[in-house]
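Structure assessment
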Amino acid sequence: MYRRIFKYLRPHYRKFWAALAFMVVFGATDGVVPFLVKYILDGVFTQRDEKLLWILPILLVGFSVVRAIADFGQQFLMASVGHKVTEDIRNDVNRHVLSLSPDFFVKNSTAEILSRVTSDVLLIRTLLTDSSAAIIRDSIRVVVLLCSCTYLDPMLSALAVVFFPLAGFPIARIGKRMRKLSKRGQDAIGSLAALFQESMQGHRVVKIFSREQFEQERFERGNHELTKTFIRSERVRALAGPINEVLASLAVSGVLLYGGYTVISGARTAGGFMAFLVSVFLMYEPFKKLTRVNATVQQGLAGAQRIFEILDTPPTIQEPLNPTPLPLGHAIEFHNVSYEYPTRSEGETKVEALKNISLLIPESKKVALVGFSGAGKSTLVDLIPRFIDPTQGSISLGGVDIRTVGLAGLRSRVAMVGQHTFLFNDTVYNNIAYGNPAASRAEVLGAAQAAFATDFIERLPLGFETIVGEGGMSLSGGERQRLAIARAILKNAPILILDEATASLDNRAEREVQMAIEALVSGRTTVVIAHRLSTVRDADTIVVMSGGRIVEQGTHDHLLSLNGEYSRLHALQFRDVEAVAELAV
Ligand code: ADP
């Protein structure tokens, strides 16, 4: 894991090494301080040397300037390396998440992934910069001070050094515990964020059912768990300092006692002894930081683990190694296809959503899928652009297995207009142009026209430049759909998948959307999931699905004459729908 984290430093190694050089200078200057103290005390005060009195302040200023420059250099460079590294990690996570298959987003909540991208990446940054800086800089300081100590007084140094390693034992144990708690804490942040996001997204549901209290309590429970974990880890972290403090005070007392006696007995000068004391005191701060660093490192590693978990999730839909060229034809054929949704937890029974489906969707023809909810219609169409891959059987496009052609190529052939249209929080224009970034302005306007969207767009406050709000919130359902249709028209893909959502619209909106859809369908290989049978009469083939199987297939009249599932569906739906439609007209 370390190696993997440090790989991120590689592109910034120049800055990193410069920062290290500054650290070395900064650390080394520490060693000078005890000597300054010794010469001030012994030279100026004991021997009353006036020349030294002048030289020392000048030296002191020069020394501080060097130290200040080194300090600035190491802090600034290290911090900027840290920010660069987090930038790279965030980019990697985003790139990877974009490559992941739809099932990943079913299993993981957006808020949780978001928390990884934000807070876990910060932990890694702290690990890389603060901690590695502390380890390098403070080790240098301790070593340099030890050297000057030893030079000043080998006997006393030996005494002090004995106590330092003693501190190592509790520190190592504390570190391990920190890592575990930190991982738990970060997980808890993620689930809390997910809760928060849900109650915000579902705010209308929360309000109408008056479940504010319930949501608040649910949040408070999660929040409390999080706080508990944090407080526990703070307790562990806070232990490291005091333990060292006590050990250090033991060392200092020993040094004081022994040193004091030797000064009184005249075996050493007061300057020498003070210089030694100063170096021990100076050593204390970097030493304390070193002992604390382990905790930060462990937190960083926990963060890294969570980030790498995302980066190591392979996309379930794999790009072929040697893609074959896209075929010319657009006929789609299902060869004995079955599909089973992966289970989310152990022991769950598997849902076989499709069973032995064999179906030909001829080029430029319109095939309608009908059937009760849960029959497997959405699953079937998700297989075409490879949102999912069949667990058994295969699907071919123009006679070529779709798993052998490049994913981007395959998807460039397919336009989808679903029930849940997604719009970006951007202008109307950009939302349509998303379908084909290379399109000219005239083409975008043409697509809007073809989707019967121009009228309502022109009534918007800023026309095509109106921002639609998150998820297109400022638009009505029918308007959102027409934008989605315009986007699909602009994509101009030969295969069209429609999940008809006109059921949720009023009659006028439905007619407008219906006209827009007709503009889109003409001449394309179309698969339409029809919720209203009124819209499928003209389909070349109607496929009736039930329980993951195809139970009937044929034209409207043929299916009605069979007196089976289709006519049942028809009987159930059609009467009501026609009655309503007649009233509205
Ligand atoms: P339809 O579109 O005809 O309403 P679907 O294709 O959505 O039917 O669903 C077919 C079956 O697969 C249903 O039993 C449904 O519960 C199940 N299903 C759909 N999506 C998932 C999923 N992500 N994970 C597990 N089961 C699913």
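This report concerns the structure included in the present document. Just so we're clear, the structure is a prediction, and the values are computed from it rather than from any experiment.

The end-to-end C-alpha distance of helix H17 (residues 477-491) is 21 Å, a good match for the 21 Å that 15 residues give at a rise of 1.5 Å each. With 12 of 15 residues buried, H17 lies mostly within the body of the structure. Inspection of H17 places Gly-478, Glu-479, Gln-481, Arg-482, Leu-483, Ala-484, Ile-485, Ala-486, Arg-487, Ala-488, Ile-489 and Leu-490 among the buried residues, and these make up the whole buried set. Positioned one or two residues after H17, Asn-492 has a phi angle of 55°, which is positive.

This paragraph deals with the nonpolar core. Membership of the largest hydrophobic core comes to 46 residues, with the highest contact counts inside it found for Val-370, Ile-432, Ile-457, Leu-483 and Ile-485. It is H17 that provides the largest number of residues to this core, a total of 7 residues. Contacts of Ile-485, omitting those with residues within four sequence positions, involve Val-417, Ala-451, Val-513, Ala-516, Ile-517 and Leu-520. Core analysis: the next-biggest nonpolar cluster, separate from the first, contains 32 residues, Ala-19, Leu-77, Val-97 and Phe-104 among them.

In the region of the ligand, the neighbouring residues are Tyr-341, Val-351, Ala-353, Phe-372, Ser-373, Gly-374, Ala-375, Gly-376, Lys-377, Ser-378 and Thr-379. One of the side-chain N or O atoms of Ser-378 is found 2.5 Å from an oxygen atom in the ligand. Here an oxygen atom of the ligand and a side-chain polar atom of Thr-379 are 2.4 Å apart. Relative to its free-state accessible area of 560 Å², the ligand is covered by the protein chains to the extent of 66%. When residues of the shell around the ligand are traced back to their parent elements, those giving at least two are strand E2 (351-361) and helix H12 (377-382). If one sorts the elements of the shell around the ligand by residue count, H12 sits on top with 3 residues.

About the cut-offs
- Residues numbered from 1 in each chain as written.
- Predicted model: local features only at pLDDT ≥ 70, side-chain atom pairs only at ≥ 80, totals over all residues.
- Heavy atoms only, no water.
- Helix = DSSP H or I, 4+ residues; strand = E, 2+ residues; numbered from the N terminus.
- Expected span 1.5 Å × (residues − 1).
- Buried < 20%, exposed > 50% of the residue type's maximum accessible area, 1.4 Å probe, protein only.
- Core = buried A, V, L, I, M, F, W, Y, C linked by side-chain atoms within 4.5 Å.
- Contact = heavy atoms within 4.5 Å.
- Near = heavy atom within 4 Å.
- Polar contact = N/O pair within 3.5 Å; in protein donor to acceptor, adjacent residues only side chain to side chain.
- Areas by Shrake-Rupley, 256 points an atom, 1.4 Å probe, with all protein chains shown as cover.

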